[in-house]
Protein chains: 2
Amino acid sequence: MGMKRTLFLSPHDITSIAETVGIDTLMDELIDRLHHAFIQFDSSKTQIPSRQGFSYSHPRLGLLEWMPILDVGSQMLMKMVGYHPQNPSVSGLPTILSTFSLYDVSTGELLAIVDGTLLTALRTGAASAVASRLMAKPESSSIGIVGCGAQAITQLHAMSRIFDVGLVRFYDIDNKTCKSFRRRCLFLDPSIDFIESPLEQIVEEVDIVCVATSIDVGAGPVFKEITTRPHLHINAVGSDFPGKIELPIELLNRSYVSPDCYEQAIKEGECQQLPITQIGKTLSQLLQDGTQTTLRPSNTVFDSTGWALEDYIATQLFLAHAHRLSIGQSLHSGSWNKDPKNPYEFLHSEMLNTSHRHTGVTE
Amino acid sequence: MGMKRTLFLSPHDITSIAETVGIDTLMDELIDRLHHAFIQFDSSKTQIPSRQGFSYSHPRLGLLEWMPILDVGSQMLMKMVGYHPQNPSVSGLPTILSTFSLYDVSTGELLAIVDGTLLTALRTGAASAVASRLMAKPESSSIGIVGCGAQAITQLHAMSRIFDVGLVRFYDIDNKTCKSFRRRCLFLDPSIDFIESPLEQIVEEVDIVCVATSIDVGAGPVFKEITTRPHLHINAVGSDFPGKIELPIELLNRSYVSPDCYEQAIKEGECQQLPITQIGKTLSQLLQDGTQTTLRPSNTVFDSTGWALEDYIATQLFLAHAHRLSIGQSLHSGSWNKDPKNPYEFLHSEMLNTSHRHTGVTE
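First, a word on scope: everything that follows refers to the structure included in this document. (Residues numbered from 1 in each chain as written. Chains lettered and ligands numbered in written order. Predicted model: local features only at pLDDT ≥ 70, side-chain atom pairs only at ≥ 80, totals over all residues. Heavy atoms only, no water.)

### Section: the overall build of chain A
- Within chain A, the regular secondary structure consists of 13 helices and 15 strands.
- Its C-alpha atoms put chain A at 90 × 45 × 40 Å along the principal axes.
- Looking at chain A residue by residue over its 363 residues, the buried ones come to 62%.
- When contacts within chain A are restricted to residue pairs at least 6 apart in sequence, long-range pairs at least 24 apart make up 73% of them. (Helix = DSSP H or I, 4+ residues; strand = E, 2+ residues; numbered from the N terminus. Buried < 20%, exposed > 50% of the residue type's maximum accessible area, 1.4 Å probe, protein only. Contact = heavy atoms within 4.5 Å.)

### Some points on helix α1 (residues 11-21) of chain A
Residue and element names in this part refer to chain A.
- Summarising burial for α1: 8 of the 11 residues are buried, a large majority.
- Buried within α1 are the following residues: Pro 11, Asp 13, Ile 14, Thr 15, Ser 16, Ile 17, Ala 18 and Val 21.
- Where α1 terminates, the next one or two residues include Gly 22, which has phi positive at roughly 95 degrees.

### A short note on the sheet that holds strand β8 (residues 142-146) of chain A
Residues and elements named next belong to chain A.
- In space, the 7 strands of this open sheet follow the order β10-β9-β8-β11-β12-β14-β13, with parallel pairing throughout. At either end of the open sheet lies a strand with only one pairing partner, and these are β10 (193-196) and β13 (255-259). Pairwise comparison of adjacent strand axes, ignoring direction, gives a mean angle of 20 degrees for this sheet.
- Strands β8, β9 (167-171), β10, β11 (208-211) and β12 (233-236) of the sheet are contacted by helix α5 (residues 150-162), whose axis makes an angle of about 170 degrees with β8.
- Against the sheet, helix α6 (residues 175-184) contacts β8, β9 and β10, and its axis sits at roughly 170 degrees relative to β10. (Pairing = 2+ DSSP bridges. Axes fitted to C-alpha atoms, helices over the stretch in contact; angles between N-to-C directions.)

### Quick notes on helix α4 (residues 117-135) of chain B
- With 19 residues, α4(B) extends 27 Å between its outermost C-alpha atoms, agreeing within 8% with the 27 Å of an ideal straight helix rising 1.5 Å per residue.
- Counting buried positions along α4(B) gives 18 out of 19 residues, so the element sits mostly inside the fold. (Expected span 1.5 Å × (residues − 1).)

### Structural notes on the interface of chain A and chain B
- Facing 88 residues of chain A, the contacting portion of chain B comprises 88 residues.
- Across the chain A to chain B interface the summed buried area is about 8,100 Å²; carbon plus sulfur atoms make up 72%.
- For chain A, the biggest contributors to the area lost against chain B are Phe54(A), Lys341(A) and Tyr344(A); these three give 10% of the whole.
- Put simply, chain A and chain B have 2 salt bridges between them.
- A salt bridge links Arg184(B) to Asp339(A), with the nearest nitrogen and oxygen atoms 3.9 Å apart.
- For the pair chain A and chain B, the interface holds 16 residue pairs in polar contact (both at pLDDT 80 or more).
- Considering every element that reaches the side of chain A that touches chain B, the biggest residue donor is helix α13 (residues 345-359) of chain A, with 8 residues. (Buried area = accessible area lost by both parts, 1.4 Å probe. Salt bridge = Lys/Arg side-chain N within 4 Å of Asp/Glu carboxyl O. Polar contact = N/O pair within 3.5 Å; in protein donor to acceptor, adjacent residues only side chain to side chain.)

### A closer look at the relation of the copies chain A and chain B
- For the pair chain A and chain B, the relating rotation is 180 degrees, the translation along its axis is 0.0 Å, and the fit reaches an RMSD of 0.0 Å. Accordingly, the operation relating the two chain copies is best matched by a two-fold axis. Residues of chain A ranked by C-alpha distance from the rotation axis are headed by Trp66(A), positioned 4.5 Å from it.
- A shared binding surface is used by both copies, with 100% of the interface residues of chain A retained as interface residues in chain B. (Least-squares fit on C-alpha atoms with pLDDT ≥ 70 in both.)

### Topic: the sheet that holds strand β13 (residues 255-259) of chain B
All names here are of chain B.
- The strand order across the open sheet formed by 7 strands is β10-β9-β8-β11-β12-β14-β13, and the pairing between neighbours is parallel. At either end of the open sheet lies a strand with only one pairing partner, and these are β10 (193-196) and β13. Going across the sheet, the axis of each strand differs from the next one's by a mean of 20 degrees, ignoring polarity.
- As judged from the 5 bridges shared by β13 and strand β14 (residues 299-303), these two strands associate in the parallel manner. Residue pairing across strands places Pro 259 opposite Asp 303, the latter belonging to β14.
- This element, helix α6 (residues 175-184), spans β8 (142-146), β9 (167-171) and β10 of the sheet and lies at about 170 degrees to β10.

### What about the pairing of strand β6 (residues 96-104) of chain B?
All names here are of chain B.
- The element β6 is extensively covered by neighbouring structure, given that 9 of its 9 residues are classed as buried.
- Two elements, strand β5 (residues 75-83) and β6, share 9 bridges in a ladder whose sense is antiparallel. Directly across from Leu 77, in β6, lies its bridge partner Leu 102.
- Where β6 meets strand β7 (residues 110-115), 5 bridges bridge the pair, whose relative direction is antiparallel.

### Side note on the environment of Ile153(B)
- Among the secondary structure elements, Ile153(B) is positioned in helix α5 (residues 150-162).
- Overall, Ile153(B) belongs to the buried group, its relative accessible area being 0%.
- Residues Ile153(B) and Thr15(B), spaced 138 residues apart in sequence, show a C-alpha to C-alpha distance of 15 Å.
- When neighbours within four sequence positions are excluded, Ile153(B) is seen to be in contact with Lys341(A), Pro343(A), Tyr344(A), Phe181(B), Arg184(B), Cys185(B) and Phe187(B).

### Comments concerning unusual backbone geometry
- The peptide bond linking His58(B) to Pro59(B) adopts the cis configuration, its omega dihedral lying at 0 degrees.
- Mapped onto the fold, Pro59(B) is located in the loop between β3 (52-56) and β4 (62-71).
- The omega angle of the peptide bond from Gly220(B) to Pro221(B) is 0 degrees, so this bond is cis rather than trans.
- The residue Pro221(B) is located in the loop between β11 (208-211) and β12 (233-236) in this model.
- Despite not being glycine, Ser326(A) has its phi angle at roughly 55 degrees, a positive value.
- As for its position among the elements, Ser326(A) is in the loop between α12 (308-325) and β15 (329-333).
- Looking at Ser326(A), the relative accessible area reads 65%, which means it is exposed.

What follows is the structure in structure tokens.
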């Protein structure tokens, strides 16, 4: 066998794909593919162990996690994701960085390495869109954004693709992040009104709230119990670590709470706060059951901890575009040996001429 | 922050390093570094969760595993390793393929991607060398090789670096693999005698046996109880999966069995066969205690399941040589954004001129 090739998609390649395809088309495709993947999900065909990772406070607060997924008989994806909330201020880097590695399960060969930072933001937005289309009022037009970091951009973008958004109320504890939010949303329809609002007013008045903060473990919830619209839907995105919660228990108590991934949500999501009997079906189960109408007009919460299935779908979408557009770099990887049982084969071309004769070895 | 860089070491780069440094020097350095790493190992400074993975029989028998390790406050290594015993015959690829990814724990940035196939074979050999120097008779001169695949080459190479090897007896169930073994060992001192031998004779007569087979789960042991030399030391390399064992229980019962990693060995190694009370100290503990002399002249077994610490040390060694020799490819990775909170920044250069004016947004 000759030299194997691995496709590498850098952040620049990912950007090129997004620019060429168009960010709206890409988000629409991703929402569509995720919707179908959730409907078709079958744990006997797609194995997704719970996320695990290392958490630490030295040298800075952080988390490095691995999220493996097996598409039985076909491919395995390993997502590595870092959560380092001090990155933006200290290093000028995003809070969430990520890399995806894709393997062929018939040989173990590395097929692709894909920068997962934009993909993670996109798929998190797309998952909220799938959930909101199922659970929120179809006429929802006002969106609340609580926490205006990187994830807020793709949350709002995703909402704008499935609802006729007229008003966005937004809040961030950091004044500078709040001030820059409008500018970071210039890609959206300029007719949408943006109003920086007190947190309480957002939760009280809008149709859909997307919460994605970096609140510390033990410091939540982000807001206290507030009267909301009877049909308020919340995409709870930021709660993804033991002890990190964003929503008040009173709000959860009167909401139908649907996790993306049950096992993760009870350890890391808003579902940490709930007795098991109070946790609803997963988004995938709801879509498979077709029970959406019965959820309205109650309060609903999508407890989004981030599921490897979403990453796998996002990876497949970007790889399809990369192949079609011939974007990406082909790396030498795998094995270069003619003899798979000889790890030192590289030594032999020079040695055969000298050693062969002395030892009298023939094949 | 500008574009981040990740060092990529391809199989060709790894080969270049091995050729330039010299395979003997590299093995000596690795044995030396591993020895010190085992002595200095402190589970509060180096966190090594048990290996996990996906195993499957479709489309072919295989295993894809992840082996994370955290060097607290510094770096994290994720090793991905595939075990696909039909690779050599079906795909011309090595049975064991591997990729290492190194992360900076202060930001989560990807520092390096290193092809781990040769490194895995090298570190497995080096670990056996560290164990054998501690447990085998110092005057050991005859080595038995049971299973003559890729791992056998580095096992024997490692033995040759710490013992004055005069005789190698070797056996493989596959006649072709057995026949090619001598040729694959031409890099060794030509004065060493190689004798293809019956399995029983090998175990009965040599000083040190290295066992590294692809025997099926449930099909072991590789050989039945045999009378051995009183000081025989065995490096048991191939047993690394639940139900996969290579050594007969009778031999284990009269041996001091030291695992590389206790938690893995009781699940996947020869230690699966033993009651907990019969399992010895780990290699790291033995080295820290300085108890080597008390082990001789009993039978000893190093139950080598493969430990992420070994991979981390091998990675550091190759990265040091790569930097010194300027070998490897610098990939664009991490984030390219000026604004870490704007995943769609790439859209704005073109949009600012058009949209900015219409919405009247100023910063």
